[in-house]
Amino acid sequence: MSSVTLDQARRGFSVAEYATCLKGIVWREALRFLHQRERFISALVRPLVWLFIFAAGFRQVLGISIIPPYETYILYEVYIAPGLMAMIQLFNGMQSSLSMVYDREMGNMRTLLVSPLPRWYLLSCKLLAGTAVSLLQVYAFLLIAWFWDITPPPIGYLTVLPALMLSGLMLGALGMLISSGIKQLENFAGVMNFVIFPMFFASSALYPLWRVQEGSPMLYYVCQLNPFTHAVELVRFALYGRVNWISLAVVSGCTVVFMVGAILAYDPSRGLGRRGPAGGET
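Residues numbered from 1 in each chain as written. Predicted model: local features only at pLDDT ≥ 70, side-chain atom pairs only at ≥ 80, totals over all residues. Heavy atoms only, no water.

K.L.:
Just to check I follow, could you spell out helix α12 (residues 245–265) for this structure?
P.N.:
An α-helical turn contains 3.6 residues, so a residue and the one three or four places further along point in the same direction. Over its 21 residues, α12 extends 30 Å from the first C-alpha to the last, a length consistent with the 30 Å expected when each residue adds 1.5 Å. The complete set of buried residues in α12 reads Ser247, Val251, Cys254, Thr255, Phe258, Met259, Ala262 and Ala265. Around the axis of α12, the buried residues are gathered within 130° of arc, so they sit on the same side. Exposed and facing more than 90 degrees away from the buried side of α12 are Trp245, Ile246, Val256 and Val257. As for α12, its buried residues are in contact with α6 (119–146), α7 (156–179) and α11 (227–238). (Helix = DSSP H or I, 4+ residues; strand = E, 2+ residues; numbered from the N terminus. Expected span 1.5 Å × (residues − 1). Buried < 20%, exposed > 50% of the residue type's maximum accessible area, 1.4 Å probe, protein only. Arc of directions from axis to C-beta. Contact = heavy atoms within 4.5 Å.)

K.L.:
Quick question: what am I supposed to make of unusual backbone geometry here?
P.N.:
Only a minority of non-glycine residues have a phi that is not negative, and only a minority of peptide bonds are not trans. Positive phi, close to 65°, is recorded for Asp149, a residue that is not glycine. On the basis of relative accessibility, which here comes to 64%, the residue Asp149 falls in the exposed class.

K.L.:
Is there a simple way to think about empty space enclosed by the protein in this case?
P.N.:
In this approach the atoms are scanned with a rolling probe the size of a water molecule, which exposes any empty space left behind. For the structure on display, the rule yields two cavities of 30 Å³ or more. By volume, the largest cavity amounts to about 110 Å³. Here the element with the most residues in the lining of the largest cavity is helix α4 (residues 76–106); it accounts for six residues. Per-class residue counts for the lining of the largest cavity are three nonpolar, eleven polar and one charged. (1 Å grid on protein atoms, 1.4 Å probe; cavity = no way out; pocket = protein on both sides within 12 Å on 5 of 7 lines; lining within 4 Å. Points joined across faces, edges and corners; volume = space filled by probe spheres on them. Nonpolar A, V, L, I, M, F, W, Y, C, P; charged D, E, K, R; others polar.)

K.L.:
Any chance you could explain the environment of Ser99 here in plain terms?
P.N.:
Mapping Ser99 onto the fold places it in helix α4. For Ser99, a relative accessible area of 13% translates into the label buried. Taking the C-alpha atoms as reference points, Ser99 and Met176, 77 residues apart in sequence, are found 10.0 Å from one another.

K.L.:
Would you explain the nonpolar core in this entry?
P.N.:
In terms of nonpolar packing, the biggest core is built from 63 residues, with Met85, Leu90, Phe141, Phe200 and Phe228 touching the most fellow members. Looking at this core element by element, the count peaks at 14 residues for α4. Ranked by size, the runner-up nonpolar core spans seven residues in total, among them Cys21, Leu117, Tyr121 and Leu122. (Core = buried A, V, L, I, M, F, W, Y, C linked by side-chain atoms within 4.5 Å.)

Structure (structure tokens):
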């Protein structure tokens, strides 16, 4: 490291320099998103399959009673729409952490993580960039869902934005924390399946929790402890201009815990990100 870089690290970085770093990471993530069109399409195919196929089959089986934030009986596809929005963010968070594994070993993050910039700031920039991409995917889904007669109040498209940002940060931070312990890309698929599907199915994304409680009280408590459940409910209430305060507290707390855990894990002196022998051997 040159003496200029050392002096700069000692005196700290200016706001403009931090902004340049944020702009660079966000811009690179945006370019990657634009160039990988199959990633955008696959992010929409999963929720649309549930919306167009499964919802049509389950509509007659799973009637939804009047529960908050709904003020009348609703169709099944209306109920699952917030869960599918959160599912997009869940898969995007895991996909972003997959790219983190690659970038950490062979991409630009390998260089950035050894730069004088604070590691917590670099990870935060990466998290913000991934969340911004997930927001584009969610609003594209909402546009398609509008043609399927899933039409929340017009103000809901605006009030849901903070909830989507917070839930995206939580799920992205979770993915980042998981990626810190993965040294090889081959191991990531198994970890994704181990995390994504239990979180998604053991939640209120596809069915209300009162129905889960009728069938299995134990699974009901598992769903209550699942952070993804609270992300779904936070989005669901916000889409109708309301706030679920319990879900807001849980999602906010989990975001802080996951992000702090990821920062510590990526600390080479103490975290899970300590490099082992060459070649990924243990």
